[in-house]
Amino acid sequence: RLGKNCRVNVCSALHRGWAIEGAVGSEFKVDASYLSPNVSITETLERATQIYGVSILLSEAVVKAASPMMAAKSRLIDRVIITGSVTPMDLHVIDLDYMSLTVEPAPIKALTWSSKQRFRARQFLESEKNMKWHDEVHMSSLFNENSEIALMRFRYTLEFTHVFNMGYQNY
C-alpha cells in the first residue's frame, strides 16, 4: 500500500534534568504534564534534529551521565546556548544511517493473530526488555553486537570521525 521503498524516520533528542509532574485535565480524562526548563530544552533539541539532519541528538548532560564506553559512541557536533539554559551546552549525535537498512518484504500471507498469539508475543517482548535491565548488561555491548546498528554505523568510519573532529576544533 505504501510502496516498496517506504521508510520510517524517527528523530529523537535526549536531555537530562529535573521536572515536576502534575495531573492536568478533568474528572473524565487526566493527563500527565511535566513542567521544567529541562522539558523546553528537550523540545528545542528535538526540533534541532531537523536542523542538523540527524536522528538522535544528545545534550551534554546525557553524555556525562552515560558510561564512558557509551559516551564514546557519540560525536560532538556543536556548542550552543538554548533558551531555558543559562550556560552553553555541547550537542552530541549518535551517527546512524537508517537508509543503509534494507526494507523487509511484505508477508505473502496476511497474518491473523489470535488472543493467545498476541499474549505470547507480549510475554516474549516483555522478557526481552527485562533481560536488558539487569546490572550486568551494558548498552555499549548491545550497541556493538547488534548487526543492524553496525550496518547503520558502517559509513561513519574512524577517518570520518577524525576529519570531522579536526574541522570542529579548527572552527
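The sections below set out a description of the structure shown in this document. (Residues numbered from 1 in each chain as written. Predicted model: local features only at pLDDT ≥ 70, side-chain atom pairs only at ≥ 80, totals over all residues. Heavy atoms only, no water.)

## Quick look at the layout of surface pockets
What the largest pocket holds in volume is close to 420 Å³. No other element matches helix α6 (residues 147-153), which puts three residues into the lining of the largest pocket. Residue composition of the lining of the largest pocket, by class: 10 nonpolar, three polar and three charged. Estimated volume of the second largest pocket: approximately 260 Å³. Contributing to the lining of the second largest pocket are 18 residues, with Gly-53, Val-54, Ser-55, Leu-96 and Tyr-156 lying nearest its centre. When contributions to the lining of the second largest pocket are tallied by element, the ones reaching two or more residues are α1 (37-52), β5 (74-80) and β6 (89-94). Take the lining of the second largest pocket: its biggest share by element is three residues, from α1. Broken down by class, the residue content of the lining of the second largest pocket amounts to nine nonpolar, five polar and four charged. (1 Å grid on protein atoms, 1.4 Å probe; cavity = no way out; pocket = protein on both sides within 12 Å on 5 of 7 lines; lining within 4 Å. Points joined across faces, edges and corners; volume = space filled by probe spheres on them. Helix = DSSP H or I, 4+ residues; strand = E, 2+ residues; numbered from the N terminus. Nonpolar A, V, L, I, M, F, W, Y, C, P; charged D, E, K, R; others polar.)

## As for the pattern of salt bridges
Evaluation of the coordinates by the stated rule reveals seven salt bridges. Of the charged contacts in the structure, one is a salt bridge between Asp-31 and Lys-29, with a shortest N-O distance of 2.9 Å. The class for Asp-31 is partly exposed, based on a relative accessible area of 40%. Its relative accessible area of 52% is what places Lys-29 among the exposed residues. A network of salt bridges, in which partner residues are shared, links Glu-60, Lys-64, Arg-79 and Asp-90. (Salt bridge = Lys/Arg side-chain N within 4 Å of Asp/Glu carboxyl O. Buried < 20%, exposed > 50% of the residue type's maximum accessible area, 1.4 Å probe, protein only.)

## Regarding the environment of Ile-149
Take Ile-149: it is sitting in helix α6. Ile-149 sits 17 residues away from Lys-132 along the chain, and the two C-alpha atoms are 16 Å apart. Those residues within four positions of Ile-149 in sequence are excluded, and the remaining contacts are Leu-96 and Phe-143. (Contact = heavy atoms within 4.5 Å.)

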